[in-house]
Structures are given as C-alpha cells and as structure tokens.
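Structural description and commentary
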Amino acid sequence: MEYWNSTLGSGFILMGILKDSGSPELLCVIITVLYMLALTSNGLLLLVITVDSRLHVPMYFLLGQLSLMDLLFTSVVTPKALMDFLRSENTISFAGCALQMFLALMLGGAEDLLLAFMAYDRYVAICHPLNYMVFMRPRVCWLMVATAWILAYLNALGHTFYTMQYPFCKARNIRHLLCEIPPLLKLACADTSRYELLVYVTGVVFLLLPLSAIIASYALILFTVLHMPSNEGRQKALVTCSSHLTVVGMFYGAATFMYVLPSSLHSPKQDNIISVFYTVVTPALNPLIYTLRNKKVMGALRRVLGNYILPTHSTM
C-alpha cells in the first residue's frame with residue numbers, strides 16, 4: 001500500500017456526522033443551538049461562581065473548573081465541524097489534526113479526573129461535615145485541579161505524539177467528527193496492535209479507576225444518607241448527588257465506549273453519535289443539570305443578573 005507525505009501540506013478529511021446524516025441541515029441547526037447553549041450556560045455559571053462570594057466554597061470552585069473544561073472542550077470541536085459543513089470544506093491539516101487531538105484528549109482527561117475529585121468533595125461534605133473545611137481547604141482544592149490538568153496534559157501529549165508518528169495511507173478520510181485515536185489508527189499503514197493495547201490500558205487507568213473511586217464514594221454517601229435522622233437533610237444530599245451522578249453517567253458512558261471497548265465493537269456511525277454526545281450534548285446539559293435544582297446557584301444567578309443587566313436597562 002502506498003504512503004502519503006503528511007508533512008508536506010497534506011492533511012486529512014473529516015467525514016463527520018453532518019455529512020453522513022439523512023437531514024444534515026436540521027442536524028446542523030440542532031448542534032448550533034446546543035453549542036450556543038453550552039457557551040451561554042457554562043459562561044454564566046463561571047461568571048456567577050467568580051462574582052458571588054457566597055459560592056466561594058470548594059464545591060462551586062470545582063464546578064467552575066468543570067464549566068471551564070466543558071466550554072473549552074466543545075469549542076475545540078463544534079465550531080470547526082459547523083464551519084466545515086457550511087463551507088463544504090472538510091479538510092484539516094496534519095498539524096491541525098494533532099492539535100485538535102491533543103486538546104480534546106487533555107480536556108477530556110482533565111474532566112474525567114475532576115469528576116472523581118468532585119465525588120470525593122461530596123463524600124467529605126456528607127460523611128464528614130465537621131471536618132469539611134479541613135479536608136477541602138483551598139490548598140487541597142488547588143492541588144486537585146492542578147493534578148487533573150497536569151496528568152491530562154502529559155497523557156494527551158504522549159498519545160498525540162505516538163499516534164501522529166505512524167505512517168498513514170493515501171486514504172485520508174477520517175470517518176469521525178474530530179481527530180481522535182481510534183479512527184486515526186484505522187488509517188495507519190503499520191501494525192498498531194501494541195499501541196491499541198496501550199490505549200486500552202490508559203483508558204482503564206484514566207476512566208475505570210476514577211469511576212471506581214466515584215462508585216465507592218457514592219456507596220459510602222448512600223449509606224450515610226440512609227441513616228440521616230432529618231428528612232430535609234436526606235433530601236438535600238440526594239438532590240446534590242443525583243446531579244453529579246447524572247453527569248458522571250453521561251461522560252463516563254461515552255468515554256468508556258470510545259476508549260475501553262474493543263475496536264471490533266465500534267462502527268463509524270456509532271462513534272460519530274457518541275462523539276457528538278460528549279463534545280456537544282454533555283457540555284450543554286452539565287450546567288443545567290447542576291443549577292436548575294440548586295437554590296444557591298439560582299439565587300446567585302438572579303443577583304448577578306440583577307446587578308449587571310437590570311441597571312444597564314434602567315439607564316437606557
């Protein structure tokens with residue numbers, strides 16, 4: 001099989017879900033609406049957490065980091081996919097593909113670890129409330145966030161470098177929404193079996209180990225909640241934890257499908273649907289899931305909008 005020189009101006013062609021769908025225009029509108037929702041909701045949540053001093057506590061600090069990651073993650077993929085469809089131009093350069101892969105892996109990996117730290121935060125808050133500000137003091141929170149970003153950065157850098165050093169065949173079509181490891185390895189003109197095993201192992205480490213920690217945290221939380229004497233306290237704990245578990249289920253389900261399940265169980269159509277789910281749908285829904293049932297955040301949102309928007313209208 002012939003090779004093509006990817007370093008001399010050649011690139012890839014992203015054959016995303018928009019091109020292969022039965023109603024691409026309708027899907028384009030839906031993805032655009034979801035992207036705008038993700039930008040607005042995550043941006044507002046970040047603003048509220050930053051501005052309102054009542055939310056300057058560990059739980060909302062970590063939630064702000066989640067919103068930042070979601071905002072960046074969806075912006076790495078969605079604008080290019082929409083612009084490519086509107087311009088009927090689906091090419092991406094070799095360097096652009098490497099950059100997109102690196103950013104997507106880093107942001108996805110950081111979010112994966114952050115969700116585990118958020119579960120630990122809820123465990124401490126519910127099971128050890130008297131020691132909460134000791135276990136979750138600012139230094140510990142910053143260490144958690146730094147750990148998530150640094151480990152994700154190193155993992156993404158290694159995988160991006162190793163994936164892009166393979167020789168690729170003349171067929172440049174990536175049947176996927178974005179540059180990711182599984183669809184790119186299908187274009188490689190070399191034996192990738194050992195590297196696929198490495199991808200599987202890192203997928204287990206980055207996905208299943210944090211997921212196991214989350215499950216353990218919530219098992220202990222459930223045990224504690226069931227023994228709470230107050231119905232009001234039990235209800236409040238369950239509402240907070242159900243929001244987090246919903247987000248965990250959406251994120252880990254999609255990521256596990258892409259990076260842990262064997263490649264024989266994948267199909268381009270399924271992979272495209274899953275990729276839209278965790279790059280577009282999840283970032284749009286996460287802030288809504290966390291805020292709509294949270295009285296503190298909704299109250300802070302009303303205060304911030306009242307202070308920054310209503311005065312502006314009243315002076316016009």
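The text that follows walks through the structure, step by step, so that each part is easy to find. All values derive from a computational prediction rather than experimental measurement. (Residues numbered from 1 in each chain as written. Predicted model: local features only at pLDDT ≥ 70, side-chain atom pairs only at ≥ 80, totals over all residues. Heavy atoms only, no water.)

**Considerations on the side chain of threonine 160**
With respect to the element layout, threonine 160 can be found in helix H6 (residues 138-164). In this structure the side chain of threonine 160 is engaged in a polar contact, spanning 2.7 Å, whose partner is the backbone oxygen of alanine 156. Each residue touching threonine 160, except ones within four places of it in the same chain, is listed here: Ala98, Met101, Phe102 and Leu105. (Helix = DSSP H or I, 4+ residues; strand = E, 2+ residues; numbered from the N terminus. Polar contact = N/O pair within 3.5 Å; in protein donor to acceptor, adjacent residues only side chain to side chain. Contact = heavy atoms within 4.5 Å.)

**Topic: the state of the cysteines**
Within the structure shown, the criterion is met by one disulfide. Bridging cysteine 97 to cysteine 179, the disulfide has an S-S length of 2.1 Å. Residues cysteine 97 and cysteine 179 share a disulfide whose torsion about the S-S bond is about -120°; that sign makes it left-handed. Residue cysteine 97 is located in helix H4 (residues 94-127), and its partner cysteine 179 is located in the loop between strand E3 (173-174) and helix H7 (181-185); the two are separated by 82 residues in the primary sequence. Judged by relative accessible area, which is 0%, cysteine 97 ranks as buried. The class of cysteine 179 is buried, set by a relative accessible area of 0%. (Disulfide = S-S within 2.5 Å. Buried < 20%, exposed > 50% of the residue type's maximum accessible area, 1.4 Å probe, protein only.)

**Quick word on unusual backbone geometry**
Positive phi is not limited to glycine here, since serine 88 has a value of about 55°. Positionally, serine 88 belongs in the loop between helix H3 (58-87) and strand E2 (91-93).

**Quick look at the sheet that holds E2**
The strand order across the open sheet built from three strands is E2-E1-E3, with neighbouring strands paired in mixed fashion. In this open sheet, the two strands that pair with only one neighbour each are E2 and E3. Note that strand E1 (residues 11-14) and E3 share two bridges and pair parallel. Opposite isoleucine 13, over in E3, you have asparagine 173 as the bridge partner. Contacting E1, E2 and E3, H4 runs over the sheet at an angle of about 85° to E2. (Pairing = 2+ DSSP bridges. Axes fitted to C-alpha atoms, helices over the stretch in contact; angles between N-to-C directions.)

**Notes on the packing of helix H2 (residues 24-51) against H3**
A pair of packed helices is captured by two measures, namely the crossing angle of their axes and the spacing between those axes. Direction vectors running N to C along H2 and H3 enclose 155°, while the axes themselves pass 9 Å from each other. With respect to H3, the element H2 is oriented roughly antiparallel. When you trace H2 past H3, the crossing you get is left-handed. Within the contact of H2 with H3, the residues separate by chemical class into 17 nonpolar, eight polar and two charged. (Parallel < 35°, antiparallel > 145°, perpendicular 65-115°, else oblique. Left-handed = near helix turned anticlockwise from the far one by under 90°. Nonpolar A, V, L, I, M, F, W, Y, C, P; charged D, E, K, R; others polar.)

**Observations regarding the pattern of salt bridges**
Following the criterion strictly, the structure yields five salt bridges and no others. The partner of aspartate 52 in a salt bridge is arginine 54, with the nearest N and O atoms 3.7 Å apart. By relative accessible area, aspartate 52 is classed as buried at 6%. One salt bridge connects aspartate 84 with lysine 80, and the closest N-O pair in it is separated by 3.0 Å. With aspartate 84 and lysine 80 both in helix H3 and four residues apart, the pair spans about one turn of that helix. When salt bridges that share partners are traced, they join Asp52, Arg54 and Arg303 into one network. (Salt bridge = Lys/Arg side-chain N within 4 Å of Asp/Glu carboxyl O.)

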